[in-house]
Amino acid sequence: MTYLQQLSKAQWTWLLGTLAAGVAIVAAGWIAESPLDRTSATAPTTAMSIREIAPELDVTGKSLARELGLPLDAPKGKPLRKLAVSQDDLDHVVAHLLGHRPANLKYYVFAAIVLWGLVFLTRLGRPDGAPNAERKTWYPRMAYLLALVVAVAVCGFALGKSPNPMEGVVKVVKSMVGLYPSVWDKVVALLFFLGLAIVGNKLICGWACPFGAVQELLYSLPFFKQIKRRKVPFVLSNTVRTLLFATVLLLLFGIVGGQKGFVLYHFLNPFNLFGLDFEHGAIAVTTVVVLLLALLTYRPFCQFICPFGLVSWLAERLSLARVRVDASRCNGCGTCVRACPTDAAKHVLAGRWFAADCYSCARCLNVCSQEAIRYGSAFARGGVEAEARNSDRQRHTPDALADA
Ligand code: SF4
Ligand code: SF4
């Protein structure tokens, strides 16, 4: 039987209800989006000063000065032409900063995709009452791949680079050195993304982030299978990601380099791909290198660079729904560990509190012959308690897991 034929009536209700809710959420976003949100009231000229232009672009004078290549303490009341800024340079900076204005509709699309991912993983992926022998038809990849395509097409190319989860973190830290007029709207945006990361384990990254989706789609191509079996050790990727974040903060606050307001992530931001706005050569290089690496290894940008990847990895301890393993059923064969593109499944089985990032990709959910692995509420009974799981691992076959 096909997957759809196996769905129960209740699951059909969930499926149709979720699709209807997704359309309603996006429609609400469409109605709420003001057409004025993304346009500038006036076209700035070099006869205007930083003080006059910056509020139009929702940045502070310091931030605009930095974008124009001026010192942060450049005079804010002088016409820009007296500061040797050309109209061409100003137009370029204005276009770049307008690209960072959030398309508010995108928040709604993110929410709709995450809702779909959550319902698919918790209610729809596994048909009610279907025998384990049919498990290869569960969690059909097409449902996931379609969500990824929507994420790239709509949350990426159609609606531009902003907002995105990485920017959610970067704008908060930039606000802390005065590069935005207010920190609170940036904090609210970051909390929104974190909420979508904990409603289901990193669902915003796994299902809705446009650059995460590009990498996931590239990794899903059926090339280089032998190479892809080699996983990046989590301790390595997380150490690099953490050290990079610490370096960014040291540079941003001027503790290192003495140039307060320097944002290293600006040179590594592949979300510019969605605005085709590669303002620095380093951005183009980062993007191309990451896209090539994504063919060979799982989500290299997420694992090694992205600050939201790091912050949401910490936040995923609070996830309300996640991959869970029933220790009383698990025989320690390591099949799910081999199916997982990261160290996440291995760490979940080992009961690690700070397990590697799990992107809710569902690869591990239809491989278990013991029906021991599920995606469900973190509070439901039947999942593995760490202690039980650890003792179970020792009793079963630690070698199989170590080898996986
Ligand atoms: S970790 Fe990856 S998926 Fe998550 S926000 Fe960063 S780029 Fe997107
Ligand atoms: S395969 Fe790994 S990353 Fe994907 S859902 Fe399972 S544990 Fe998470």
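Quantities reported herein were computed from a predicted structural model and do not represent experimental measurements. (Residues numbered from 1 in each chain as written. Chains lettered and ligands numbered in written order. Predicted model: local features only at pLDDT ≥ 70, side-chain atom pairs only at ≥ 80, totals over all residues.)

**Some details on the overall build of the chain**
From N to C terminus, the chain includes 20 helices and 2 strands. Taken over the C-alpha trace, the chain has a radius of gyration of 23 Å; the compact-globule value for 404 residues is 22 Å, and the two agree within 12%. When its C-alpha atoms are laid out on the principal axes, the chain stretches across 75 × 45 × 40 Å. Evaluated residue by residue, the chain yields a buried proportion of 42% over its 404 residues. (Helix = DSSP H or I, 4+ residues; strand = E, 2+ residues; numbered from the N terminus. Rg over C-alpha atoms; globule rule 2.2 N^0.38 Å. Buried ≥ 20, exposed ≤ 12 C-beta atoms within 10 Å, placed from the backbone.)

**A short note on the site of ligand 1**
As a matter of local geometry, ligand 1 sits amid P165, M166, C205, C209, F211, G212, R299, F301, C302, C306, F308 and G309. Broken down by secondary-structure element, the contributors of at least two residues to the shell around ligand 1 are α8 (165–175), α11 (210–220), α15 (300–304) and α16 (307–315). For the shell around ligand 1, the per-class residue count stands at 9 nonpolar, 2 polar and 1 charged. (Near = placed C-beta within 6 Å. Nonpolar A, V, L, I, M, F, W, Y, C, P; charged D, E, K, R; others polar.)

**A short note on the packing of helix α13 (residues 234–252) against α16**
Interaxial distance between α13 and α16 falls to 9 Å at its minimum, and their mutual angle equals 115 degrees. Taken together, α13 and α16 sit at an angle that is classed as roughly perpendicular. Note that α13 runs across α16; the crossing there is left-handed. Residues R241, T242 and F245 of α13 touch α16, and the partners they reach there are P307, G309 and L310. (Axes fitted to C-alpha atoms, helices over the stretch in contact; angles between N-to-C directions. Parallel < 35°, antiparallel > 145°, perpendicular 65-115°, else oblique. Left-handed = near helix turned anticlockwise from the far one by under 90°. Contact = placed C-beta atoms within 7 Å.)

**With respect to the environment of L218**
Here L218 lies in helix α11. Residues L218 and Y298, spaced 80 residues apart in sequence, show a C-alpha to C-alpha distance of 9.1 Å.

**Here we look at the environment of L194**
The residue L194 is located in helix α9 (residues 184–199) in this model. Considering only alpha carbons, one finds L194 and S312, 118 residues apart in sequence, at a separation of 6.5 Å. With residues up to four places along the chain from it excluded, the contact list for L194 reads S312 and A315.

**Points about helix α6 (residues 105–124)**
With 20 residues, α6 ought to run about 28 Å at 1.5 Å a step, and its terminal C-alpha atoms sit 27 Å apart, in line with that. Of all the 20 residues making up α6, 18 are buried; the element is thus mostly covered by neighbouring parts of the structure. (Expected span 1.5 Å × (residues − 1).)

**Describing unusual backbone geometry**
Here S162 and P163 are connected by a cis peptide whose omega angle stands at 0 degrees. Within the secondary structure, P163 sits in the loop between α7 (141–158) and α8. Positive phi, close to 50 degrees, is recorded for K202, a residue that is not glycine. Within the secondary structure, K202 is located in the loop between α9 and α10 (203–208). A positive phi angle, near 75 degrees, is found at A362, a position not held by glycine.

**Looking at the domain arrangement of the chain**
In terms of domains, the chain is made up of domain 1 (3–29 + 103–314), domain 2 (50–99) and domain 3 (320–403). A separation of 23 Å is found between the C-alpha centroids of domain 1 and domain 3. Contacts between the two partners involve 27 residues from domain 1 and, on the opposite side, 20 residues from domain 3. Among the secondary structure elements, those contributing two or more residues to the side of domain 1 that touches domain 3 are α6, α9, α10 and α16. Grouping the constituent residues of the side of domain 1 that touches domain 3 by class yields 15 nonpolar, 8 polar and 4 charged. (Domains from an automatic or database assignment.)

**Some thoughts on the environment of A10**
In this fold, A10 is placed in helix α2 (residues 9–32). Counting along the chain gives 118 residues from A10 to D128, while the straight-line C-alpha distance between them is 8.7 Å.

**With respect to the nonpolar core**
Core analysis: the biggest nonpolar cluster contains 90 residues, and F110, I113, V114, A151, I204 and A208 have the highest contact counts within it. Among the elements that take part in this core, α6 stands out by supplying 16 residues, more than any other. Counting the residues that make up this core, at least three belong to each of domain 1 (3–29 + 103–314) and domain 3 (320–403). Among all residues touching I204, those that are not within four sequence positions of it are F110, V114, P165, F193, L196, A197 and C209. Within the second largest apolar cluster, 11 residues are counted, among which are I50, I53, A54 and L179. (Core = buried A, V, L, I, M, F, W, Y, C linked by C-beta atoms within 7 Å.)

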